[in-house]
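This is what each chain is made of:
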Amino acid sequence: MSVRLTRLPNGFRVVTDRMTGVDTVSLGVWVDVGTRHEPAEINGVAHLLEHMAFKGTTTRSAQAIAEEIEAVGGHLNAYTAREQTAYYAKVLKEDVGLAVDILADILQRSLFDPEELDRERTVVIQEIGQANDTPDDVIFDHFQERAFPQQAMGRPVLGRPEIIAKIPRDRVAGYLRENYAAGKMVLAAAGAVDHDGLVALAGKLFSDLPLESSARTEPALYVGGDFREERELEQVHLVLGFPGVTFADPDHWSAAVLSTALGGGMSSRLFQEIRERRGLVYSIYTFTQSFRDGGVFGVYAGTGEDEVEELMPVMCEELARATDGLGAGELARARAQLKAGILMALESTASRCEQLAQHLLVHGELFDPAKIVQRIEAVDETAVRRIARRILEGEPTFAALGPLRRIEPFDRIRARLRA
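Heads up: these notes are all about the structure in this document. Predicted model, so just to flag it, every value in this text is computed and none were measured.

## Re the overall build of the protein chain
The number of helices and strands found in the protein chain is 16 helices and 11 strands. Dimensions of the protein chain along its principal axes, counting C-alpha atoms only, are 60 × 45 × 35 Å. Of all 419 residues assigned to the protein chain, the portion counted as buried reaches 54%. At a minimum sequence separation of 6, the contacts of the protein chain that also span at least 24 residues come to 81%.

Structure below.
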């Protein structure tokens, strides 16, 4: 990897990874601000702002933004997460200047036209409705809210319809102005990119950014508990989780290895025992998600109304059994899966670009895949047992959506995990 980093005088960072043998560049601006930085009364403003950034600037209409990037065969998109927001593009190498110019334009000179804002409110509310109609998606919002109740970390990324419908224009524009400061932003690029040329472009085009951000991070306090919503569905969708680890935790990669061994593929314990041997589910997998000051570790499953009665005891038993550790073969497979995922992603300009930006924002240092592979290889049987016991000692969070009459009480689930 040929990675270079430059910090401009205003604190704006430019990081690149030059790749030979490609003619494209993936690039974008990652902002160290997301849903958890929103006041409760404007929950969803970060996501609404992400939409509005494409709806016209002082120099381009919404149509012009779309036409200019597509006229060169490129594409432009964005996403909002709990701790970050990203605006990114992919273009041919000769069109990097255009892509950077558009990104700089939408992040510094968006108009927030009132008519466009009203239209986009409707679009976002439809997006929320679509998510609510997708039970295997919305169940994670319910899980997050129960794990972190009445906190910024527990509020939905998309926001709530009743709030989105009323957020004033000045709060949307003010959120951009007050939070998108140069020092909280990274311009990352990977592919056929010239670092010095990109730095020169950034110095010229991102000169109007504010220097200070008023973003405040409310601490994440994991609580846990039980959430259930009865719905007429064909399946029960459920998530059972626990407090996880931060990005900086020494057990971060141990948790990732454990997650992979338990439910990271067709050879994993949960898939083999619950789907292959018992046929209780179509989909089951584990996940681990880290934040700067916390995290979650959990299992998702989608199952039938009758099968859930057998599923819950088996799932709890398999989780509890993980505290005894993994076999040598399981451990080796899990480490290999994680390493392969990281190294295979290096073949993609988009993956490299995102890894550069996120790693720099979270850790304040350059992404080094060799160092991460070393950390994965260092995870041994002792580390897996330690993190499994640490996770299972935490208060569980249970969320379920669908026909629920056969799901046992929360206290019974908790007792199974302690057995």
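From this point, the discussion proceeds with the structure in view.
## As for the environment of Leu49
By secondary structure assignment, the location of Leu49 is in helix 1 (residues 45–52). Separated by 63 residues in the primary sequence, Leu49 and Phe112 have C-alpha atoms spaced 8.9 Å apart. Look past the residues within four positions of Leu49 in its chain and what remains in contact with it is Tyr87, Phe112, Val172, Tyr175, Leu176 and Tyr180.

## Quick word on the layout of surface pockets
Of the voids in this model, the largest pocket is the one considered here, and its volume is about 1,400 Å³. Contributing to the lining of the largest pocket are 40 residues, with Phe247, Thr288, Gln289, Ser290 and Gln358 lying nearest its centre. When residues of the lining of the largest pocket are traced back to their parent elements, those giving at least two are strand 4 (75–80), helix 5 (135–147), helix 9 (252–263), strand 9 (281–291), helix 12 (328–345), helix 13 (349–363) and helix 14 (369–377). Class assignment for the residues of the lining of the largest pocket results in 22 nonpolar, 11 polar and 7 charged.

## Considerations on the nonpolar core
Ranked by internal contacts, the top residues of the largest apolar core, which has 63 residues, are Leu238, Leu240, Leu258, Ile274, Met315, Leu319 and Phe398. For Leu319, the residues in contact, after removing those within four places along its chain, are Leu240, Phe242, Leu262, Val299, Leu392 and Leu417. One finds Leu27, Val100, Val124 and Tyr175 within the second-largest nonpolar core, a separate group that totals 58 residues.

## Quick notes on helix 13
Here helix 13 is 15 residues long and its end C-alpha atoms lie 21 Å apart, about the 21 Å a rise of 1.5 Å per residue gives. Residues of helix 13 that are buried include every one of Thr349, Arg352, Cys353, Gln355, Leu356, Ala357, His359, Leu360 and Leu361, and no others. For helix 13, the N-terminal cap is Ser348; the gap from its side-chain oxygen to the backbone nitrogen of Ala350 is 3.3 Å. Positive phi appears at Gly364, one or two residues downstream of helix 13, with a value of about 70°.

## Remarks on empty space enclosed by the protein
In total, this model carries 1 cavity of 30 Å³ or more according to the counting rule given. Estimated volume of the largest cavity: approximately 60 Å³. Forming the walls of the largest cavity are Thr260, Ala261, Ser267, Ser268, Arg269, Glu330, Arg333, Ala334 and Gln337. Counting only elements with at least two residues in the lining of the largest cavity, the list comes to helix 9 and helix 12. Across the lining of the largest cavity, the residue classes tally to 2 nonpolar, 4 polar and 3 charged.

## A word on the pattern of salt bridges
Enumeration over the complete set of coordinates arrives at 36 salt bridges. The residue Arg60 makes a salt bridge to Asp105 at a minimum N-O spacing of 2.9 Å. Separated by 45 residues along the polypeptide, Arg60 in the loop between helix 1 and helix 2 (62–71) and Asp105 in helix 3 (residues 96–108) bring together distant segments of the chain. This pair shows no difference in class: Arg60 is buried, exactly as Asp105 is. Taken together, the shared-partner salt bridges in this structure form one network comprising Arg60, Glu68, Asp101, Asp105, Arg109 and Asp208.

## Thoughts on the sheet that holds strand 10 (residues 294–303)
One open sheet accounts for 5 strands, arranged 7-11-8-10-9; its pairing is mixed. Whereas interior strands pair on both sides, the edge strands pair on one side only; in this sheet they are strand 7 (225–230) and strand 9. Direction aside, the axes of adjacent strands within the sheet are offset by 10° on average. Pairing between strand 7 and strand 11 (residues 397–402): 6 bridges, direction parallel. Bridging across to strand 11, Arg228 finds its partner in Ala400. Contacts from helix 10 (residues 269–277) reach strand 9 and strand 10, with the element oriented near 155° to strand 9. Of the strands in this sheet, strand 7, strand 8 (236–243) and strand 11 touch helix 16 (residues 410–418), which is tilted by about 130° from strand 7.

## Section: unusual backbone geometry
Positive phi values are uncommon outside glycine, yet Phe112 reaches one of about 55°. Looking at the element boundaries, Phe112 is found in the loop between helix 3 and helix 4 (114–132). A positive phi is found at Gln150, a non-glycine position, where the angle reads about 55°. Relative to the helices and strands, Gln150 is located in the loop between helix 5 and helix 6 (161–164).

## Brief notes about the sheet that holds strand 4
By definition, the strands of a sheet pair up through backbone hydrogen bonds, in either a parallel or an antiparallel sense. Ordered in space as 1-2-6-3-5-4, the 6 strands form an open sheet in which the pairing is mixed. Each end of this open sheet is capped by a strand with a single partner; those strands are strand 1 (2–7) and strand 4. Neighbouring strand axes in the sheet, compared pairwise and without regard to direction, differ in orientation by 15° on average. As judged from the 8 bridges shared by strand 3 (residues 24–31) and strand 5 (residues 85–92), these two strands associate in the antiparallel manner. For Val29, the partnering residue across the bridge sits in strand 5 and is Tyr87. Where helix 1 meets the sheet, its contacts fall on strand 4 and strand 5, and the angle it forms with strand 4 comes to roughly 170°. Across the sheet, helix 8 (residues 195–205) touches strand 1, strand 2 (13–18) and strand 6 (185–191), and the angle it forms with strand 2 is around 155°.

## Side note on helix 4
Between the first and last C-alpha of helix 4 there are 27 Å, a value that for 19 residues agrees with the 27 Å anticipated at 1.5 Å per step. When we look at burial in helix 4, the residues that qualify are Glu116, Leu117, Glu120, Arg121, Val124, Ile128 and Ala131. Viewed along the axis of helix 4, the buried residues span an arc of 140°, placing them on a single side of the element. Along helix 4, the residues that are exposed and aim more than 90 degrees away from the buried face are Glu115, Gln126 and Gln130. Buried-residue contacts for helix 4 involve helix 1, helix 2, helix 5, helix 6 and helix 7 (169–179). Where helix 4 begins, one side-chain oxygen reaches toward the backbone nitrogen of Glu115, 3.1 Å away; that side chain belongs to Asp113.

What counts as what
- Here, residues in each chain are numbered from 1, in the same order as that chain's written sequence.
- Selection of residues for local features in this predicted model requires a pLDDT of at least 70, selection of side-chain atom pairs for listing and counting requires 80 or more, and totals for whole chains, interfaces and linings are taken over all residues.
- In computing side-chain values, all of the structure's heavy atoms are included and hydrogens and water are not.
- Each helix is a run of H or I in the DSSP string that is no shorter than four residues. Each strand is a run of E no shorter than two, and both are numbered from the N terminus.
- Accessible area is worked out with a 1.4 Å probe on protein chains only. A residue is then buried under 20% of its type maximum, exposed over 50%, and partly exposed in between.
- In this analysis, two residues are considered to be in contact whenever any of their non-hydrogen atoms come within 4.5 Å of each other.
- As defined here, a cavity is a set of points on a 1 Å grid over the protein atoms alone where a 1.4 Å probe fits but cannot get out. A pocket is an open set with protein on both sides within 12 Å along at least five of seven lines, and residues line them when an atom is within 4 Å of a point.
- Grid points are joined across faces, edges and corners, and a volume is the space filled by probe spheres set on the points.
- In this count, Pro and Cys sit with the nonpolar residues alongside Ala, Val, Leu, Ile, Met, Phe, Trp and Tyr, while Asp, Glu, Lys and Arg are called charged and the others, Gly among them, polar.
- We define the nonpolar core as a collection of buried residues of types Ala, Val, Leu, Ile, Met, Phe, Trp, Tyr and Cys that are connected through side-chain atoms lying within 4.5 Å of one another.
- Expected span, for any helix, means 1.5 Å times one less than how many residues it has.
- What qualifies as a polar contact is a pair of N or O atoms within 3.5 Å, subject to a donor-acceptor requirement within protein and to the restriction that residues adjacent in sequence count only when both atoms come from side chains.
- Any carboxyl oxygen of Asp or Glu that lies within 4 Å of a side-chain nitrogen of Lys or Arg is treated as forming a salt bridge with it.
- Two strands are counted as paired when DSSP detects at least two bridges linking them.
- To define axes, lines are fitted to C-alpha atoms, for helices over the stretch in contact only, and angles between the resulting N-to-C directions are given on a 0 to 180 degree scale.
- Here the arc refers to the set of directions running from the helix axis out to each C-beta atom.

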